[in-house]
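# Structural characterization, general
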Amino acid sequence: MSTFKQQIDEAKKKQQRVYIAVASLFLVSLLIVVTVLLLSRGTRIEIKPDEAVNGASIQLEHGLAFMAGETLYSLSSKAEISVAADGFYTHRLPIHDHQFGTVLRIDLIPLPAKVLLRTDKGDDKTQWLIEGKLKTIASVFETELAARDYDIIARHAYFNDTAIKLSLTRGQTVERQITLDKLEGHLEIKTQPSGLNIVLNDLDMGLSPLALIQQGGQYKVRIESTAFEAIDDLIEITQTQPIVKRNYKMRLKKAMLKLSLSPDNGRLLIDGIHHQNNKIIKVEANKNHRITYSKQGYFSKQKTVKLAAGKSSTIAFDLKKEMGSVEVFSSPSASVIVNGENKGKTPLTLSLNAVNQSITIQAQGFRSITKSVLPTASQRQKITVNLL
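Now for a quick tour of the structure. (Residues numbered from 1 in each chain as written. Predicted model: local features only at pLDDT ≥ 70, side-chain atom pairs only at ≥ 80, totals over all residues. Heavy atoms only, no water.)

## Considering the overall build of the chain
Per the secondary structure count, the chain includes one helix and 35 strands. For 388 residues, the compact-globule estimate of 2.2 N^0.38 gives 21 Å, and the chain exceeds it by more than 25% at 55 Å. The principal-axis extents of the C-alpha atoms in the chain amount to approximately 190 × 75 × 35 Å. Looking at the chain residue by residue over its 388 residues, the buried ones come to 34%. Within the chain, counting contacts between residues at least 6 apart in sequence, those at least 24 apart form 48% of the total. On the chain, roughly 23900 Å² of surface is accessible, and the fraction owed to carbon and sulfur atoms is 50%. (Helix = DSSP H or I, 4+ residues; strand = E, 2+ residues; numbered from the N terminus. Rg over C-alpha atoms; globule rule 2.2 N^0.38 Å. Buried < 20%, exposed > 50% of the residue type's maximum accessible area, 1.4 Å probe, protein only. Contact = heavy atoms within 4.5 Å. Areas by Shrake-Rupley, 256 points an atom, 1.4 Å probe, with all protein chains shown as cover.)

## Some words on the packing of aromatic side chains
Counted under the stated rule, the structure contains three aromatic pairs. Plain terms: the ring middles of tryptophan 128 and phenylalanine 141 are 5.6 Å apart, the flat faces sit at 20° to each other, and that makes the pair stacked. Of the two residues, tryptophan 128 is situated in strand E9 (residues 127–130) and phenylalanine 141 in strand E11 (residues 140–145); the sequence distance between them amounts to 13 residues. Overall, the relative accessible area of 5% leaves phenylalanine 141 in the buried class. Taking NZ or CZ as reference, lysine 303 lies 5.0 Å from the ring centre of phenylalanine 317, over its face. (Phe/Tyr/Trp six-rings, centres within 6.5 Å; stacked < 30°, edge-to-face > 60°. Lys NZ or Arg CZ within 6 Å of the ring centre and 35° of its normal.)

## Overview of the pairing of strand E10 (residues 133–137)
As paired strands, E9 and E10 are joined by four bridges and run antiparallel to one another. Bridged to isoleucine 130 within E10 is lysine 133. With antiparallel pairing between neighbouring strands as the criterion, E9 and E10 make up a hairpin whose turn holds two residues, including glutamate 131 at a positive phi of roughly 50°. (Pairing = 2+ DSSP bridges.)

## Re the pairing of strand E16 (residues 197–200)
Side chains Asn197 and Val199 project from E16 onto one buried face, and the interleaved Ile198 and Leu200 project onto a second face that is buried too. When E16 meets strand E19 (residues 217–224), the two strands line up antiparallel, connected through four bridges. Pairing of valine 199 across the sheet is with arginine 222, part of E19. Examined bridge by bridge, E16 and strand E17 (residues 203–207) share four bridges and lie antiparallel to one another. Residue isoleucine 198 lies in a different strand from E17, and its bridge partner there is glycine 206. A loop of two residues connects E16 with E17, the two strands running antiparallel in sequence, and asparagine 201 in this loop sits at a positive phi of about 50°.

## A short note on the nonpolar core
Leu117, Trp128, Ile152, Ile164, Leu166 and Leu168 are the most contacted members of the largest nonpolar core, which totals 18 residues. Of all the secondary structure elements, the ones that give two or more residues to this core are strand E8 (113–119), E9, E11, strand E12 (149–155), strand E13 (162–167) and strand E14 (173–178). Contacts of isoleucine 152, omitting those with residues within four sequence positions, involve Leu117, Trp128, Leu129, Ile130, Thr162, Ala163, Ile164 and Leu166. (Core = buried A, V, L, I, M, F, W, Y, C linked by side-chain atoms within 4.5 Å.)

## Remarks on the pattern of salt bridges
Within this structure, the stated rule accounts for 15 salt bridges. Shared partners join several salt bridges into a network, and the residues in it are Glu61, Glu80 and Arg92. (Salt bridge = Lys/Arg side-chain N within 4 Å of Asp/Glu carboxyl O.)

## Details of the sheet that holds strand E5 (residues 78–84)
If you walk across this open sheet you meet the three strands as E2-E5-E6, and the pairing is antiparallel. The sheet terminates laterally at strand E2 (57–62) and strand E6 (91–96), the two strands that pair on one side only. Here the strands of the sheet are splayed against their neighbours by 30° on average, with no regard to which way each runs. Bridging between E2 and E5 involves five bridges; their strand directions are antiparallel. Counted as the bridge partner of isoleucine 58 is valine 83 from E5. (Axes fitted to C-alpha atoms, helices over the stretch in contact; angles between N-to-C directions.)

Everything listed is a geometric property; what it means functionally is a separate question.
See the structure below:
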């Protein structure tokens, strides 16, 4: 190899070494700049509460950055991270340029425990109490609670209280079926008089007086007798009233009057009290009742009846028309018009129904005279007029 060629090769190698040195210097400088830049923009993420730190994870969602432990290093002007931990809600946090290089605190929110409790009754009357405070009234209790210990009571009027102790953790789901224990109560039923049949929820329980042990609940009571009016009652045995006592004073069954009235639309009095002209009227048994029926223009009638309990009797009233005599005299003799009907000339004796009657006396060439009279069977009436 010639000396000239050796010199050229040496020059090339020297030039390559220069290029490498310059490139290395540039890369080192760039690395120093990037390192200083990253260190100056390193953002430490502080997770709270302390119990969320162990097991927490931080994920980069957006931006040119990377995580190193709990520190975020970003080359972009904006980044977004998400922080997750068991038992806590995942938290997403956007980080802006002015926040880089600082310490950012993230407070994770604990997940509540989910509680679902239901009874075996399904009647929407169960009260649910937490620490003695009423929360809702329903057959199903569904709620979210913070993680801790709880004393819950399921209360139903017809059952004993059921206590439920729960130790809840974050994010836990608890579902339970609660069986309510029947309340034992006492039911005492008396009647005046005693010895009457008692039916409880359609079951024949025997004769009064009765003393029964009954579970909490609602009971339909019926007291029956051939001589007394039936009594229907609704009784509840509850936590607040486990002992129920009843003393029923019975009333005799009513007697029934079946009425046959003629003429219609008269005035009906029973023991001095006006009644509509019903065909059937209930009255007290074993008691005398004075019944009067009257109508204008008829002789009234009165009857007294006494009926046993539950018995009926037909009472007929057929009133007779009441007629009264009216004598009419006039000077000179004139025609007598009664309610528009010519009855003859004066002197005249009329037999008229005992209702208001309009009597007109008229003669040609004279002024007519009209009189209103109410005839009665007990007294004859007289009308005397002089026509002008």
